[in-house]
Amino acid sequence: MTVQELPGAAAYRPTPPPAWKPITDPAPLLPDPEPYRVLGTDAIADVEPELLIRLHAELVRGRRYNTQATALTKQGRLAVYPSSTGQEACEIAAALVLEERDWLFPSYRDTLAAVARGLDPVEALTLLRGDRHTGYDPREHRIAPLCTPLATQLPHAVGLAHAARLKGDDVVALAMVGDGGTSEGDFHEALNFAAVWKAPVVFLVQNNGFAISVPLAKQTAAPSLAHKAVGYGMPGRLVDGNDAAAVHQVLAQAVARARRGEGPTLVEAVTYRMDAHTNADDATRYRVDSEVEAWRAHDPVQLLERELTGRGLLDDAALEEVREAAERMAAALRDRMNADPVLNPMDLFSHVYAEQTEQLREQADRLRAELEAEQDHHDQEGGR
Ligand SMILES: Cc1ncc(C[n+]2csc(CCOP(=O)(O)OP(=O)(O)O)c2C)c(N)n1
């Protein structure tokens, strides 16, 4: 059967659509096929020796901070610590690459980045100690609270950066997230908005191989996490996350790009979590020792140390000095964490509502009366 054309039908025939054009040319957005490296390559020639020396000192201090904080969990002085041992190059580079006016949006694993940015080492552990409140004023150091809900820090970073741009403030936000966090809806929303608005944000994904016990292969079927950038229309960069000089360089380029108003970048740093997820986890249940040992041979501190000693930039005396400074930091951390904080129970009612509710006022009055009665009793006992 043939369909007969009615007279005049040609006028209703659809015109062919206009030629399709991509919104963005994907080619320049694609990451390198291999993680970018600087240490042990010709690219080292572009790096200032002072930066390498500074990175090394911070890495050694950071490693010592991780081992000390983990020890404090075993001594009952800290509730939980998600160690970043093995990931120090990412942590330190992220902190050093920012200007004072910029903002850092860390996850729960990024205490080191916060400390390297200038946060008091004890204040940085307040939340992980089980105290209420974050323990530091995020505005003072421009460090958002260490974020436990996965990836929620990413839309916060985009919102802050976009708002700063609208106000004409020269601010870049650097947001850190794990490989597991890239499966969250917040990751998608943050990257989409950031790219559409050209928000001055840098997303640093630390691909440390696992989301607790879930390996990367069960997390994503993407060629790499950096490739996800292309779908949002921003560049994806793949970097060796244990090469501090490379991470610093790639992040510095991304920060400069954001500052020029050219929009966000997604950086995937390929690294490895050497310790368990936290002190409450047993990593031997889901990964083999040979894998851990293979990564130990690619240790971020040793990689940098080898480069510096090979170039005559670090001798035994200088190395000893760096290690001693790290020991002094650890001893001070231990001493301060061993002092019990003096808590005021009335603080329960502080910082919750701008205006106290009637019910909370009543509860606060009752608690105050109880505390006063207890104090009177204590004074009388003491007077006897
Ligand atoms: C929204 C949300 N879902 C689940 C969790 C529980 N959780 C805590 S850590 C974690 C794994 C995260 O892995 P990854 O993002 O790779 O970061 P890493 O711990 O390796 O640094 C999960 C699922 C959470 N904190 N928040």
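Residues numbered from 1 in each chain as written. Predicted model: local features only at pLDDT ≥ 70, side-chain atom pairs only at ≥ 80, totals over all residues. Heavy atoms only, no water.

Peer 1: Where do I start with a nonpolar patch on the surface in this structure?
Peer 2: A surface patch of nonpolar side chains, about 310 Å² in accessible area, is lined by F193, V196 and W197. With respect to the secondary-structure elements, V196 resides in helix α6 (residues 185-197). V196 gets classed as exposed once you look at its relative accessible area, which sits at 62%. (Patch = residues over 30% accessible without salt bridge, like charges linked within 9 Å, V, L, I, M, F, W, Y side chains within 5 Å. Areas by Shrake-Rupley, 256 points an atom, 1.4 Å probe, with all protein chains shown as cover. Salt bridge = Lys/Arg side-chain N within 4 Å of Asp/Glu carboxyl O. Helix = DSSP H or I, 4+ residues; strand = E, 2+ residues; numbered from the N terminus. Buried < 20%, exposed > 50% of the residue type's maximum accessible area, 1.4 Å probe, protein only.)

Peer 1: Sorry if this is basic, but what is going on with a negative patch on the surface here?
Peer 2: Taken together, the side chains of D315, D316, E320, E321 and E324 make up a negatively charged region of the molecular surface. Its place among the elements puts E321 in helix α11 (residues 316-338). (Lys, Arg positive; Asp, Glu negative; His and termini not counted. Charge placed at Lys NZ, Arg CZ, Asp CG, Glu CD.)

Peer 1: How should I be thinking about the packing of helix α5 (residues 153-167) against α6 in this particular structure?
Peer 2: How two helices pack is summed up by the angle between their axes together with the distance between the axes. Their axes nearest at 8 Å, the elements α5 and α6 cross at an angle of 20 degrees. The angle between α5 and α6 places the two elements in the roughly parallel class. As α5 packs across α6, the resulting crossing turns out to be left-handed. The segment α5 lies against α6, with L154, P155, V158, H162 and R165 engaging D186, F187, A190, F193, A194 and W197. Of the residues belonging to the contact of α5 with α6, the class tally is 8 nonpolar, 1 polar and 2 charged. (Axes fitted to C-alpha atoms, helices over the stretch in contact; angles between N-to-C directions. Parallel < 35°, antiparallel > 145°, perpendicular 65-115°, else oblique. Left-handed = near helix turned anticlockwise from the far one by under 90°. Contact = heavy atoms within 4.5 Å. Nonpolar A, V, L, I, M, F, W, Y, C, P; charged D, E, K, R; others polar.)

Peer 1: Explain the packing of helix α1 (residues 49-74) against helix α10 (residues 300-310) here, please?
Peer 2: The geometry of α1 relative to α10 is characterised by a closest axis approach of 10 Å and an angle of 145 degrees between their N-to-C directions. Considering only the axes of α1 and α10, their crossing is left-handed. On the side of α1, the interface is formed by L52, I53, L55, H56, L59, V60 and R63, while α10 contributes P300, V301, L304, E305 and L308.

Peer 1: What is the right way to read the site of the ligand from this model?
Peer 2: Around the ligand there are 15 residues in total, and Y108, R109, G180, G181 and N208 lie nearest to it. The separation between an oxygen atom of the ligand and a polar main-chain atom of F210 is 2.9 Å. Per-class residue counts for the shell around the ligand are 6 nonpolar, 6 polar and 3 charged. (Near = heavy atom within 4 Å. Polar contact = N/O pair within 3.5 Å; in protein donor to acceptor, adjacent residues only side chain to side chain.)

Peer 1: Honestly, the confidence of the model for the protein in this entry has me stumped. Any pointers?
Peer 2: When pLDDT is low, close inspection of the predicted coordinates is not appropriate. Confidence along the protein averages 95 in pLDDT terms, with 98% of residues attaining 70 or more. Highest mean pLDDT in the protein belongs to strand β3 (residues 201-207) (99); lowest belongs to helix α12 (residues 358-383) (92). (pLDDT = per-residue confidence, 0-100.)

Peer 1: What am I meant to see in the packing of aromatic side chains here?
Peer 2: Describing an aromatic ring pair means giving the distance of the ring centres and the angle of the ring planes. Enumeration according to the criterion identifies 6 aromatic pairs in this entry. Aromatic pair F210 and Y286: ring centres 5.5 Å apart, planes at 55 degrees, arrangement tilted. Here the residue F210 occupies a position in strand β4 (residues 210-211), and Y286 occupies one in the loop between β7 (265-270) and α9 (289-296), the gap between them amounting to 76 residues. Among the residues examined, F210 registers a relative accessible area of 9% and is labelled buried. Here a set of aromatic residues connected by ring pairs shows up, and it is made of F210, Y272, Y286 and W295. Between the NZ or CZ atom of R237 and the centre of the ring of Y36, over which it lies, the distance is 6.0 Å. (Phe/Tyr/Trp six-rings, centres within 6.5 Å; stacked < 30°, edge-to-face > 60°. Lys NZ or Arg CZ within 6 Å of the ring centre and 35° of its normal.)

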